[in-house]
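Given next are the chains, with one letter for each unit.
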Amino acid sequence: MRAIVYIRLKAEVLDPQGQAIENALKNLGENNINNIRQGKLIEMDIEAKNKDEAEEKIEKITKSLLANTVIEEYSIEIS
Amino acid sequence: MNVTIIRFPGTNCDLDTANAVKKVLGIIPKIISCKDDKIPKSDLIIIPGGFSYGDYLRSGAIAAREPIMDDLELRGNQGVYIIGICNGFQILTERKLLPGSLLKNSSLKFISKNVELKINRNDTFFTSKYQTDEVVNIPIAHHDGNFFADQDTLNSIEDNNQVALRYLNPINGSLNNIAGLYNKNLNILGLMPHPERAVDIKTGTNDGSRIFESALNFYST
């Protein structure tokens, strides 16, 4: 199975990278794009009996390493 | 007094830190690898600055999960004194030995300069040689030093008087201008400024040396 973990900064955390991207787009004349937030995507193969087991495992590794829940939130997609 | 410095792949302030300990305390510290099984008997453990594991994933994230950090956490819980400098501070927050987290500087710039800092309290192992509210000059050199914690955590840090030092002027976006803080038991200190780079007046300031002197003071009195 293939798992994708999407990690993004919590809404209340300032994202200067997102702001810098937004400023660059404004410089390119894209004035209708606002509130850019940059996150990250981590994908992996996982061996598991079923989707539930895979999800449980991915949740565990996300909490223990992939995301820092002090500043980030995440969502998991398994296919 | 036994001082141990832990080196991770990408650590680059280990020798500066060892030199500072030697110069200020007259003690030759042990530098150990993060791949060692155990931390030797230590009165003070220092995690120096650098870019452990290339800052991959998040600054300090990979180093914080090294097996040797289990031993560090155990020592910390036993009351052994620990300092994390710069990347060491990031590693300690990633390990949850200190609250909050260090985000990218709000300016998105790597900032390397001497800054003025205010010592918040002088009744700890690390600061007895300073005065409370004393302003000192110590260099910073970081990209991810913007201290963040949610409101409840920030309130608890302030209520428990866990702030070690603050930037005199806002510089990187840190909440409450926090530049360094303690755990609740005051035996673990994390700070973004580099005291090991401020131990000789020839480099412009020696205001960092008193952190090490304070530690020695504790053991010699």
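Here the structure is shown first, and the text comes after it.
Below you will find a few notes about this structure.

Conventions adopted
Residues numbered from 1 in each chain as written. Chains lettered and ligands numbered in written order. Predicted model: local features only at pLDDT ≥ 70, side-chain atom pairs only at ≥ 80, totals over all residues. Heavy atoms only, no water. Helix = DSSP H or I, 4+ residues; strand = E, 2+ residues; numbered from the N terminus. Rg over C-alpha atoms; globule rule 2.2 N^0.38 Å. Buried < 20%, exposed > 50% of the residue type's maximum accessible area, 1.4 Å probe, protein only. Contact = heavy atoms within 4.5 Å. Areas by Shrake-Rupley, 256 points an atom, 1.4 Å probe, with all protein chains shown as cover. Phe/Tyr/Trp six-rings, centres within 6.5 Å; stacked < 30°, edge-to-face > 60°. Pairing = 2+ DSSP bridges. Axes fitted to C-alpha atoms, helices over the stretch in contact; angles between N-to-C directions. 1 Å grid on protein atoms, 1.4 Å probe; cavity = no way out; pocket = protein on both sides within 12 Å on 5 of 7 lines; lining within 4 Å. Points joined across faces, edges and corners; volume = space filled by probe spheres on them. Nonpolar A, V, L, I, M, F, W, Y, C, P; charged D, E, K, R; others polar. Disulfide = S-S within 2.5 Å. Buried area = accessible area lost by both parts, 1.4 Å probe. Salt bridge = Lys/Arg side-chain N within 4 Å of Asp/Glu carboxyl O.

Description of the overall build of chain B
Helix and strand counts for chain B stand at six helices and 11 strands. Its C-alpha radius of gyration of 16 Å places chain B within 12% of the 17 Å reference for a compact globule of 221 residues. Structurally, chain B occupies a C-alpha span of about 40 × 35 × 35 Å along its principal axes. Considering chain B as a whole, with its 221 residues, one finds that 57% of them fall into the buried category. Within chain B, contacts between residues separated by at least 24 positions form 73% of all contacts whose residues are at least 6 apart in sequence. In the form shown here, chain B has an accessible surface area of approximately 8900 Å², with 47% of it arising from carbon and sulfur atoms.

Things to note about the packing of aromatic side chains
All names here are of chain B. Tallied over the full model, the rule gives six aromatic pairs over all chains. A ring pair is formed by Tyr81 and Phe125, whose centres lie 3.6 Å apart and whose planes are at 5°; its orientation type is stacked. You can see Tyr81 sitting in strand 4 (residues 81-85) and its partner Phe125 sitting in the loop between strand 6 (111-119) and strand 7 (135-142), a full 44 residues away along the chain. When its relative accessible area of 5% is taken as the criterion, Phe125 is described as buried. Through successive ring pairs, a cluster of aromatic residues spans Tyr81, Phe125, Phe126, Tyr182 and Phe218.

Observations concerning the sheet that holds strand 3 (residues 72-78) of chain A
All names here are of chain A. Read from one edge to the other, the open sheet built from three strands follows the order 2-1-3, with strand pairing classed as antiparallel. Strands with a single pairing partner mark the edges of an open sheet, and in this sheet they are strand 2 (40-45) and strand 3. The average undirected angle you get between the axes of adjacent strands in this sheet is 20°. Across six bridges, strand 1 (residues 2-9) lies against strand 2 in antiparallel orientation. Across the sheet, the residue bridging to Ile4 is Glu43, located in strand 2. Along the sheet, helix 2 (residues 51-66) contacts strand 1, strand 2 and strand 3; its crossing angle with strand 3, the most-contacted strand, is approximately 155°.

Section: empty space enclosed by the protein
Residue and element names in this part refer to chain B. Under the counting rule described, the total for this entry stands at two cavities of 30 Å³ or more. Around the largest cavity sit Gly50, Phe51, Asp55, Ser59, Cys86, Gln90, Ala141, His142, His143 and Asp144, which together line it. Among the residues forming the lining of the largest cavity, the class breakdown is three nonpolar, five polar and two charged. Size it by volume and the second largest cavity reaches roughly 50 Å³. Looking at the second largest cavity, the residues that line it are Ile119, Phe126, Thr127, Ile138, Ala164, Leu165, Tyr182, Leu189 and Ile211.

Some thoughts on the state of the cysteines
All names here are of chain B. Applying the stated criterion across every chain yields a total of zero disulfides over all chains. There is no disulfide at Cys13, and the cysteine sulfur nearest it, in Cys86, is 6.8 Å away. Here Cys13 falls in the buried class, since its relative accessible area comes to 1%. The exposure class of Cys86 is buried, given its relative accessible area of 5%.

Examining the interface of chain A and chain B
With 17 residues of chain A at the interface, the matching set in chain B holds 14 residues. Where chain A abuts chain B, roughly 1300 Å² becomes buried across the two surfaces, and 66% of that area is made up of carbon and sulfur atoms. Interface area lost by chain A to chain B is led by Leu65(A), Asn68(A) and Val70(A), which between them contribute 35%. Linking chain A with chain B are one salt bridge. Residue Arg58(B) pairs with Glu72(A) through a salt bridge whose shortest N-O separation is 3.7 Å.

A few points about the layout of surface pockets
The gaps left among the atoms become clear once a water-sized probe is rolled over them. Within this model, the largest pocket holds a volume of roughly 480 Å³. What lines the largest pocket is a set of 25 residues, and nearest its centre among them are Lys40(A), Glu72(A), Leu57(B), Arg58(B) and Lys104(B). At the level of elements, strand 1 and helix 1 (16-27) of chain A together with helix 4 (87-94) and strand 5 (101-103) of chain B are the ones that each hand at least two residues to the lining of the largest pocket. Looking at the lining of the largest pocket residue by residue, the class counts come to nine nonpolar, seven polar and nine charged.

Focus: the pattern of salt bridges
Enumeration over the complete set of coordinates arrives at 20 salt bridges over all chains. A salt bridge links Glu73(B) to Arg95(B), with the shortest nitrogen-to-oxygen separation between them at 2.7 Å. Of this pair, Glu73(B) sits in helix 3 (residues 68-78) while Arg95(B) sits in the loop between helix 4 and strand 5, placing them 22 residues apart in sequence. Classification of Glu73(B) as partly exposed rests on a relative accessible area of 26%. One salt-bridge network, in which partners are shared between bridges, spans Glu72(A), Arg58(B), Arg65(B) and Glu94(B).

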